[in-house]
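Structure at a glance
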Amino acid sequence: MNRKSLVLSLSWITLVILGFIVQATLCSPPQEAVKPGKVVWAGVRSSQYGIKPFPSPEGWLKAMGAMTGYFEGSSPCAVWIVGQMSKERRDMHLFFPGDGKQYPHIEFNAVDNHEEYLTAFDKAGIKVFLQVEPADADMETLIDLVLGRYKHHPCVIGFGVDVEWNKVADKPGTGTEVDDATAQRWEARVKSYNPKYRMFLKHWDIEWMPKTYRSDIVFVDDSQIFKSLDEMVNEFTTGWAPAFYPNTVVYQIGYGPDKPWWSVLPTPPKTIGDAIRKGVKQDMGIIWVDFSLRDVIPID
């Protein structure tokens with residue numbers, strides 16, 4: 001074959017290949033954009049140590065009302081911490097009176113700090129997860145004590161565990177991981193009080209969550225110390241949400257280390273929540289932490 005014939009042959013082959021590429025491109029279905037998930041819960045985190053002075057029931061209701069106003073169709077929700085870890089990180093303190101019995105690593109309050117608030121939340125239609133910071137306390141005992149006392153409240157929809165504080169004295173800085181069998185056992189105990197109750201597990205690291213057990217567990221991410229909104233959104237939407245899809249995920253936001261950048265955003269809870277929602281496929285929740293609640297919502 002002479003050079004001219006070779007060139008013509010190669011040109012023809014190139015045109016055929018290009019034709020196939022164009023045809024494939026035209027016939028291929030368009031790439032679908034991520035359909036934003038729905039913000040089903042919007043609200044606040046509450047702890048005895050996170051906000052001073054502690055708001056009145058009306059103050060908390062005002063805060064949750066503001067949060068749901070940012071996300072159409074969402075229900076007002078509270079992550080309500082009923083049990084706080086002690087300073088030595090072995091025991092935990094429940095902020096209600098005990099039943100007269102002694103339990104390892106569990107202390108009780110002389111008065112009930114929660115009843116007034118939960119009663120107000122019942123009347124207002126709030127959704128409440130009762131959370132503990134367990135330390136070395138037995139989890140099933142905690143579930144019995146907490147849900148046994150507050151299960152009569154219609155506002156209560158579940159029980160939550162902050163895994164960062166699960167046997168944290170043995171694993172400082174991270175807490176002890178929750179494996180599949182443990183998650184299943186805890187959840188079964190929660191649902192023994194009400195089959196509709198849901199359990200949440202909270203941490204910032206996927207590896208601390210059960211590897212495969214999902215059921216209808218809610219997975220809460222409380223990661224912080226981001227350089228920017230973009231960095232936060234990227235971690236939340238490409239890591240946490242896909243790892244637990246289609247389970248509901250919740251994001252706890254508003255931490256102090258992130259304040260330098262979120263404080264300059266317009267309406268920070270809404271701006272951050274909308275940015276996260278666009279990259280999450282499943283139902284989700286947006287919870288603003290109590291540490292900075294008064295900085296974004298005038299609740300008093």
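Residues numbered from 1 in each chain as written. Predicted model: local features only at pLDDT ≥ 70, side-chain atom pairs only at ≥ 80, totals over all residues. Heavy atoms only, no water.

1. Focus on the packing of helix α2 (residues 57-70) against helix α3 (residues 115-124)
For the pair α2 and α3, the least separation of the axes is 9 Å and the interaxial angle reads 45 degrees. What the angle tells us is that α2 and α3 run oblique. Here the hand of the crossing between α2 and α3 comes out right-handed. Contact residues: α2 offers Pro-57, Trp-60, Leu-61 and Met-64, while α3 offers Glu-116, Tyr-117, Ala-120, Phe-121 and Ala-124. Among the residues making up the contact of α2 with α3, the classes are represented as eight nonpolar, no polar and one charged. (Axes fitted to C-alpha atoms, helices over the stretch in contact; angles between N-to-C directions. Helix = DSSP H or I, 4+ residues; strand = E, 2+ residues; numbered from the N terminus. Parallel < 35°, antiparallel > 145°, perpendicular 65-115°, else oblique. Left-handed = near helix turned anticlockwise from the far one by under 90°. Contact = heavy atoms within 4.5 Å. Nonpolar A, V, L, I, M, F, W, Y, C, P; charged D, E, K, R; others polar.)

2. Description of the layout of surface pockets
Here the idea is plain: a probe the size of a water molecule rolls over the atoms and shows the empty space left. Empty space within the largest pocket amounts to approximately 320 Å³. Every residue lining the largest pocket is counted, 18 residues in all, and those nearest its centre are Glu-164, Trp-165, Asp-222, Gln-224 and Tyr-255. (1 Å grid on protein atoms, 1.4 Å probe; cavity = no way out; pocket = protein on both sides within 12 Å on 5 of 7 lines; lining within 4 Å. Points joined across faces, edges and corners; volume = space filled by probe spheres on them.)

3. Quick look at empty space enclosed by the protein
Summed over all chains, the structure comprises one cavity of 30 Å³ or more. By volume, the largest cavity amounts to about 40 Å³. If you go around the largest cavity, the residues you meet are Trp-41, Cys-77, Val-79, Phe-129, Phe-200, Val-218, Val-220, Val-250 and Ile-287. Sorting the residues of the lining of the largest cavity by element identifies β2 (75-85) and β8 (218-221) as the ones contributing at least two each.

4. Focus: the packing of aromatic side chains
For any pair of aromatic rings, the description rests on two quantities: the centre-to-centre distance and the angle between the ring planes. Summed over all chains, the structure comprises 19 aromatic pairs. Ring plane angle 65 degrees and centroid distance 6.2 Å describe the contact between Tyr-103 and Phe-108, whose orientation is recorded as edge-to-face. Centroid distance Trp-262 to Trp-288: 5.0 Å. Interplanar angle 85 degrees. Geometry classified as edge-to-face. Residue Trp-262 is located in helix α7 (residues 259-262), and its partner Trp-288 is located in strand β10 (residues 284-288); the two are separated by 26 residues in the primary sequence. (Phe/Tyr/Trp six-rings, centres within 6.5 Å; stacked < 30°, edge-to-face > 60°.)

5. Examining unusual backbone geometry
It is generally the case that most residues other than glycine have a negative phi and that most peptide bonds are trans. Put simply, Lys-52 and Pro-53 share a cis peptide bond, and its omega is -10 degrees. With respect to the helices, strands and loops of the structure, Pro-53 is situated in the loop between β1 (39-46) and α2. For the bond from Tyr-245 to Pro-246, the omega torsion is 5 degrees, close enough to zero to count as cis. As for its position among the elements, Pro-246 is in the loop between α6 (229-244) and β9 (249-253). Although it is not a glycine, Ala-135 sits at a positive phi angle of roughly 50 degrees. Here Ala-135 is to be found in the loop between β5 (127-132) and α4 (139-150).

6. Points about the confidence of the model for the chain
Across the chain, the average pLDDT comes to 91, with 89% of residues at or above 70. This stretch, residues 1-22, has a pLDDT under 50; its non-local contacts, to residues over four places away or in other chains, come to two contacts. Within the model, the stretch residues 24-32 combines pLDDT values under 50 with zero contacts to residues more than four positions away or in other chains. (pLDDT = per-residue confidence, 0-100.)

7. Concerning the packing of α6 against helix α8 (residues 268-277)
As a packed pair, α6 and α8 sit with axes 9 Å apart at the nearest point and diverge in direction by 40 degrees. In terms of their interaxial angle, α6 and α8 are classed as oblique. In the crossing of α6 with α8, the sense of the turn from one axis to the other is right-handed. Across the interface between the two elements, Leu-229, Met-232, Val-233, Phe-236 and Thr-237 from α6 touch Thr-271, Ile-272, Ala-275 and Ile-276 from α8.

8. Points about the environment of Thr-174
Relative to the helices and strands, Thr-174 resides in the loop between β6 (156-162) and α5 (180-191). C-alpha separation for the pair Thr-174 and His-203, spaced 29 residues apart in sequence, amounts to 8.5 Å. The residues touching Thr-174, leaving out its near neighbours within four places in the chain, are Val-163, Glu-164, His-203, Trp-204 and Trp-208.

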